[in-house]
Amino acid sequence: MERRIDMKEVSDGRLYRANDLVKADCGGCEGCSACCQGMGSSITLDPQDLFQLYRGLQMDFDRLLEGGRIELNLVDGLILPNLKMTKAEENCTFLNREGRCSIHPLRPGICRMFPLGRLYENGSFRYFLQIHECPKEGRRKIKVKKWLDLPEIDRYERFVCDWHDYVKDLQKKVGQDPEQIKPVSMELLNRFYRTPYDPSGDFYEQFYERMQ
């Protein structure tokens, strides 16, 4: 989801790479689940997120959708999946009774980053620290890549850029012809989300085959 923001107001004024230290470590977020509540439809999922959930939970796209774990919403002109919040409490459906994430090893990229965001520029991106988003005090410095806790960070970041550019191109296309929103979105969902990936295979190889 693209946001129009003033970086001077929302960040500490710095931009970070994967090997940089950033004051984001919340010490396991003990006693806090603020970022898992009241997020609406903002936790948009990319294909890598669905691959991780499929591999870890043995639940494909349709089962996650039918089970009320994810939902579909319009995001800047395209229909995309996001983590669903419960209607009454506005908690993430994966938040357990103890206020902990029940899929922490499988958590989506947006959840992994928090309280970081991404600023896309010139075919790449850098991270920034959102200074007003996390209420946890006394955060410690940690390397960005350690905070993300993902293997093959270079491949992951390349995927993030390519997926971002691909989606932006489609959003531009449907912006010029709104009647294309549904067919373009359905093609996107079927190709990159609904058609199962081989959980024992390499995600990035499978993803780029679908990009052809």
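For the structure, check the block above.
This one's a predicted model, so the numbers in the text were calculated from it and none came from an experiment. (Residues numbered from 1 in each chain as written. Predicted model: local features only at pLDDT ≥ 70, side-chain atom pairs only at ≥ 80, totals over all residues. Heavy atoms only, no water.)

If you tally the helices and strands in the protein, you get eight helices and six strands. Its helices and strands in sequence order give the protein the pattern α-β-α-α-β-β-α-β-β-β-α-α-α-α, from N to C terminus. Its C-alpha atoms give the protein a radius of gyration of 17 Å, near enough to 17 Å, the size a compact globule of 212 residues would have. With the principal axes as the frame, the protein shows a C-alpha extent of 45 × 40 × 35 Å. For the protein, the proportion of its 212 residues judged to be buried stands at 40%. Sequence-distant contacts, at least 24 apart, represent 71% of the contacts inside the protein between residues at least 6 apart. As presented, the protein carries roughly 11900 Å² of accessible surface, and 47% of it is formed by carbon and sulfur atoms. Taken together, the 33 basic and 34 acidic charged side chains of the protein have centroids lying 4 Å from each other. (Helix = DSSP H or I, 4+ residues; strand = E, 2+ residues; numbered from the N terminus. Rg over C-alpha atoms; globule rule 2.2 N^0.38 Å. Buried < 20%, exposed > 50% of the residue type's maximum accessible area, 1.4 Å probe, protein only. Contact = heavy atoms within 4.5 Å. Areas by Shrake-Rupley, 256 points an atom, 1.4 Å probe, with all protein chains shown as cover. Lys, Arg positive; Asp, Glu negative; His and termini not counted. Charge placed at Lys NZ, Arg CZ, Asp CG, Glu CD.)

Right, let's talk about helix H7 (residues 181-194) for a bit. Every buried residue of H7 is accounted for by Val-184, Ser-185, Leu-188, Leu-189, Phe-192 and Tyr-193. Seen along its axis, H7 keeps its buried residues to an arc of 130°; they face one direction. (Arc of directions from axis to C-beta.)

Further remarks concern the packing of helix H6 (residues 153-176) against helix H8 (residues 203-211). Relative orientation and spacing of two packed helices are given, respectively, by the angle between their axes and the distance between those axes. In contact at an axis separation of 11 Å, H6 and H8 are set at 25° when each is read in the N-to-C sense. Comparing the axis directions of H6 and H8 gives the class roughly parallel. H6 and H8 meet at a crossing whose hand is left-handed. In this structure, H6 uses Arg-155, Tyr-156, Arg-158, Phe-159, Asp-162, Trp-163 and Tyr-166 to contact H8, whose residues at the interface are Phe-203, Tyr-204, Glu-205, Phe-207, Tyr-208 and Met-211. Classifying every residue of the contact of H6 with H8 by side-chain character gives nine nonpolar, no polar and four charged. (Axes fitted to C-alpha atoms, helices over the stretch in contact; angles between N-to-C directions. Parallel < 35°, antiparallel > 145°, perpendicular 65-115°, else oblique. Left-handed = near helix turned anticlockwise from the far one by under 90°. Nonpolar A, V, L, I, M, F, W, Y, C, P; charged D, E, K, R; others polar.)

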